[in-house]
Amino acid sequence: MVRNEIQLIAALVTVYILAVCSCSTVNKADTPPFDSSKAFEYLNRQVSFGPRVPGTKAHNEAGKWIVSILREHTPHVSYQPFMGTFGGFEVEMKNIMASFYPDKKERVRLGAHWDSRHHADLDPDSTKWNLPVPGANDGASGVAVLLVIAAVIEGKEPPVGVDIVLFDGEDGGEYGNNETWLLGSRYFAKVMPLSYRPEYAILLDMIGDKDLALSSDSNSMYAAPHLWERITKHCESIGITVSADNIGILDDHVPLIERGIRSVDIIDFDYPFWHTVSDTPDKCSHESLGKIGELVLKILYEK
Ligand SMILES: [Zn+2]
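The model shown is predicted, which means the values in this text are computed figures rather than measured ones.

Engineer: Teacher, can you tell me more about the pairing of strand β8 (residues 263-267) here?
Structural biologist: Across a regular strand the side chains alternate sides, sitting on one face of the sheet and then on the other. Along β8, five of the five residues are buried, which leaves the element largely enclosed by surrounding structure. Alignment of strand β5 (residues 200-205) against β8, held across five bridges, turns out to be parallel. By the bridge assignment for β8, A201 is matched with S263.

In structure tokens:
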């Protein structure tokens with residue numbers, strides 16, 4: 001009797017160990033690697049065009065380059081043009097959209113903004129207030145990670161279809177006047193067909209900071225508590241600090257939340273160079289981009 005019990009316990013322990021081992025092996029194999037050096041190269045490339053202020057040559061050329069990279073990985077790439085007032089000027093802007101595995105019913109949307117701010121009005125030096133923001137972190141970082149993710153998704157089919165949207169016109173607003181920000185995502189949400197219901201949406205913004213610590217955005221936690229929990233769990237295993245600041249952040253995920261899409265904002269809002277001329281690549285790191293890339297892939301390939 002005793003021996004049988006010991007044998008039973010031994011058998012159960014073996015099964016448990018096997019289960020744990022096979023489980024961790026499967027998880028490891030299921031999440032493809034993320035090329036952080038490539039992401040940093042893409043961040044630098046965007047900044048090299050100059051500030052991506054709508055209506056400028058740099059913006060136009062950076063947009064074409066972004067589209068060319070996406071087209072390397074999927075034929076389903078398109079522009080969504082719209083008119084709006086950015087930095088006091090009426091200009092045409094365009095969201096850039098790319099779809100992967102369009103036949104898959106279950107879908108996830110990933111987003112970032114590709115424009116940069118027209119003036120560095122939070123720079124400590126007031127003589128710089130009229131200069132545009134280089135937008136290495138505020139703009140280029142999220143796009144860089146998503147361009148690398150596009151290559152990963154092409155190489156290994158995830159359990160869900162993926163739609164990427166790079167919003168334009170995010171950063172031309174006036175503080176205290178909410179309607180003047182997020183022009184691309186507001187337009188996107190307005191014209192989005194009601195039949196389009198992704199499982200959830202993840203927005204990346206300002207995630208390249210060398211000193212990375214994600215903000216706890218109360219809008220995300222409220223709109224998608226389950227997803228937020230999964231994100232924070234993975235942050236712990238990857239080694240991403242999540243701060244307990246608990247602030248409500250107005251970003252491109254908000255118009256989607258208002259249309260009933262469960263959306264979260266992955267953002268490090270504690271960035272001393274925000275809206276200054278010092279938002280340059282040397283304030284960012286490939287390690288931070290790599291951690292965020294890994295985080296998004298873990299969520300995408302988890303089933
Ligand atoms: Zn900004």
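Engineer: For this particular structure, what's the right way to read the coordination of the zinc ion?
Structural biologist: In ideal tetrahedral geometry, four donors around a metal make angles of 109.5 degrees, whereas ideal octahedral geometry with six donors gives angles of 90 or 180 degrees. Looking at the zinc ion, one finds its protein donor set to be D138 (OD), D171 (OD), D171 (OD) and H275 (NE2), positioned 1.9 to 2.4 Å from the metal centre. Because the angles between the four donor atoms bound to the zinc ion fall within 59 to 151 degrees, the donor set is best described as irregular. Read N to C, the donor residues that coordinate the zinc ion are spaced as D-x32-D-x103-H. Here H275 lies in the loop between β8 and α9 (286-301) and D171 lies in the loop between β4 (161-167) and α5 (183-191), a separation of 104 residues in the sequence. The pair formed by D171 and H275 is uniform in burial state, with each residue classed as buried.

Engineer: So what exactly am I meant to see when it comes to helix α2 (residues 36-48) here?
Structural biologist: Within an α-helix, residues lying three or four positions from one another point in the same direction, as the helix has 3.6 residues per turn. The first and last C-alpha atoms of α2 sit 18 Å apart over 13 residues, in line with the 18 Å expected at 1.5 Å per residue. The complete set of buried residues in α2 reads S36, A39, Y42, L43, Q46 and V47. Buried residues of α2 fall within an arc of 135 degrees about the axis and therefore sit on the same side. In the core, the buried residues of α2 are packed alongside α3 (57-71), α4 (136-155) and α9. Sitting at the amino-terminal end of α2 is D35, which places a side-chain oxygen 3.2 Å from the backbone nitrogen of S37.

Engineer: Hey, could you run me through the sheet that holds β8 in this one?
Structural biologist: In any sheet, the strands associate via hydrogen bonds between backbone groups, in a parallel or an antiparallel arrangement. Strand order in the open sheet made by the six strands is β1-β2-β4-β3-β5-β8, with mixed pairing throughout. Pairing within the sheet leaves two strands with one partner each, and these edge strands are β1 (77-86) and β8. Going across the sheet, the axis of each strand differs from the next one's by a mean of 20 degrees, ignoring polarity.

Engineer: I keep staring at the packing of α4 against α9 and nothing clicks. Help me out?
Structural biologist: The packing of two helices is summarised by the inter-axis angle and the distance between the axes. With their axes 10 Å apart at the nearest point, α4 and α9 run at an angle of 45 degrees to one another. Classed by the angle they form, the pair α4 and α9 counts as oblique. Considering the relative orientation of α4 and α9, their crossing is right-handed. Contact residues: α4 offers S141, V145, I149, V152 and I153, while α9 offers L289, G293, V296, L297, L300 and Y301.

Engineer: Looking at this structure, I do not really get the packing of aromatic side chains. What am I missing?
Structural biologist: Here a ring pair, both rings aromatic, is described through the centre-centre distance and the interplanar angle of the planes. Within the structure shown, the criterion is met by eight aromatic pairs. Residues Y175 and W274 carry aromatic rings whose centres are separated by 6.2 Å and whose planes lie at 65 degrees to one another, so their mutual orientation is edge-to-face. Residue Y175 is found in the loop between β4 and α5, and its partner W274 is found in the loop between β8 and α9; the two are separated by 99 residues along the sequence. Look at Y175 and you get partly exposed, because its relative accessible area is 39%.

Engineer: What's the story with empty space enclosed by the protein in this structure? I'm lost.
Structural biologist: Empty space left among the atoms is revealed by rolling a probe the size of a water molecule over them. Summed over all chains, the structure comprises one cavity of 30 Å³ or more. Considered as a void within the structure, the largest cavity measures approximately 50 Å³ in volume. For the lining of the largest cavity, the secondary-structure elements that each account for two or more residues are β3 (107-113), β4, β5, α8 (253-258) and β8. For the lining of the largest cavity, a count of residues per class yields eight nonpolar, three polar and two charged.

What counts and how
Residues numbered from 1 in each chain as written. Predicted model: local features only at pLDDT ≥ 70, side-chain atom pairs only at ≥ 80, totals over all residues. Heavy atoms only, no water. Buried < 20%, exposed > 50% of the residue type's maximum accessible area, 1.4 Å probe, protein only. Helix = DSSP H or I, 4+ residues; strand = E, 2+ residues; numbered from the N terminus. Pairing = 2+ DSSP bridges. Donors = N, O, S within 2.8 Å, 3.2 Å for Na, K, Ca; no water. Tetrahedral: all angles 85-135°; square planar, octahedral: opposite > 155°, others 65-115°. Expected span 1.5 Å × (residues − 1). Arc of directions from axis to C-beta. Contact = heavy atoms within 4.5 Å. Polar contact = N/O pair within 3.5 Å; in protein donor to acceptor, adjacent residues only side chain to side chain. Axes fitted to C-alpha atoms, helices over the stretch in contact; angles between N-to-C directions. Parallel < 35°, antiparallel > 145°, perpendicular 65-115°, else oblique. Left-handed = near helix turned anticlockwise from the far one by under 90°. Phe/Tyr/Trp six-rings, centres within 6.5 Å; stacked < 30°, edge-to-face > 60°. 1 Å grid on protein atoms, 1.4 Å probe; cavity = no way out; pocket = protein on both sides within 12 Å on 5 of 7 lines; lining within 4 Å. Points joined across faces, edges and corners; volume = space filled by probe spheres on them. Nonpolar A, V, L, I, M, F, W, Y, C, P; charged D, E, K, R; others polar.

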